Amino acid sequence: IQQTMRLLARDIVQAAPRPVRDPLDGNLRPAFLVVPGGEFALELTHAGWPNPAGVKRSMLQRSAYRIEDGVLLRAYWTVLDPTLSNEPVVTELLDEVDAIEFQFYLGNGQWADQWPPRGSGGGNALYDRPRVVQIVLTLADEGELVRFFEVAP
């Protein structure tokens, strides 16, 4: 559980304002994306992808989280703007997961359950990141675990 929370925290805290191209239609997907009922519970671009070998690639990484058959999975792509031939690398993080939910502090005392928030149209929504993210992870044997993470400016 602690390792999963550390990984979520690392990705969220280092969220980067870099949208990516959708491999199907070429439209831009927001840098930080949470849509209830979407393919992924969370999808984001973040910094902190080590490159000790000096390979020609970005130091940014696109990662996503989802629950599949009670297992929390983390997927990441080896390129920021994938094509249909770029399959994500998927890692199992935690089993017996019932749900994962996110809330985003909007700065005016209000919270949103999706990001970008409803009604935040325009080009800036593609680059915007929340300031604070609340994660509610519901485990079969532990119940609800709640954590708050501040996104680096």
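Up top is the structure these notes are about.
Residues numbered from 1 in each chain as written. Predicted model: local features only at pLDDT ≥ 70, side-chain atom pairs only at ≥ 80, totals over all residues. Heavy atoms only, no water.

### Remarks on the packing of aromatic side chains
Within the structure shown, the criterion is met by six aromatic pairs. Geometrically, the ring pair formed by Phe-104 and Trp-115 is tilted, given 5.7 Å between the ring centres and 55° between the ring planes. You can see Phe-104 sitting in strand 8 (residues 97–105) and its partner Trp-115 sitting in the loop between strand 9 (111–112) and strand 10 (132–139), a full 11 residues away along the chain. With relative accessibility at 0%, the residue Phe-104 sits in the buried group. (Phe/Tyr/Trp six-rings, centres within 6.5 Å; stacked < 30°, edge-to-face > 60°. Helix = DSSP H or I, 4+ residues; strand = E, 2+ residues; numbered from the N terminus. Buried < 20%, exposed > 50% of the residue type's maximum accessible area, 1.4 Å probe, protein only.)

### As for the environment of Leu-126
Topologically, Leu-126 is positioned in the loop between strand 9 and strand 10. Distance in space between the C-alpha atoms of Leu-126 and Ser-58 is 19 Å, their sequence separation being 68 residues. When residues no more than four places from it in sequence are discounted, the contact partners of Leu-126 are Pro-19, Leu-28, Arg-29, Pro-30 and Ala-31. (Contact = heavy atoms within 4.5 Å.)

### Regarding the nonpolar core
The biggest cluster of nonpolar side chains holds 25 residues, and the ones touching the most others in it are Phe-32, Leu-42, Phe-102, Val-133, Ile-135 and Leu-137. Looking at this core, the elements that each hand over two or more residues are helix 1 (2–13), strand 4 (42–46), strand 8, strand 10 and strand 11 (143–150). With five residues, helix 1 is the largest single contributor of residues to this core. Once residues within four sequence positions are removed from consideration, Phe-102 is found in contact with Val-34, Ala-41, Leu-42, Ala-112, Asp-113, Val-133, Gln-134 and Ile-135. (Core = buried A, V, L, I, M, F, W, Y, C linked by side-chain atoms within 4.5 Å.)

### Some details on the pairing of strand 4
Of all five residues making up strand 4, five are buried, and the element is well covered by its neighbours. Alternating residues of strand 4 divide into Leu-42, Leu-44 and His-46 and Glu-43 and Thr-45, and every residue in both groups is buried. Sheet analysis places strand 3 (residues 32–33) next to strand 4, joined by two bridges and oriented antiparallel. Of the residues in strand 4, the one forming a bridge with Leu-33 is Glu-43. (Pairing = 2+ DSSP bridges.)

### Brief notes about helix 1
Here helix 1 contains 12 residues, and its C-alpha end-to-end distance of 16 Å stays within 8% of the 16 Å for a straight helix at 1.5 Å per residue. Residues Thr-4, Met-5, Leu-7, Leu-8, Ala-9, Asp-11 and Ile-12 constitute the buried set of helix 1. (Expected span 1.5 Å × (residues − 1).)

### Remarks on a nonpolar patch on the surface
A contiguous nonpolar patch, built from Trp-111, Val-146 and Phe-148 and spanning about 290 Å² of accessible area, is present on the exposed surface. Mapped onto the elements of the fold, Val-146 is located in strand 11. (Patch = residues over 30% accessible without salt bridge, like charges linked within 9 Å, V, L, I, M, F, W, Y side chains within 5 Å. Areas by Shrake-Rupley, 256 points an atom, 1.4 Å probe, with all protein chains shown as cover. Salt bridge = Lys/Arg side-chain N within 4 Å of Asp/Glu carboxyl O.)

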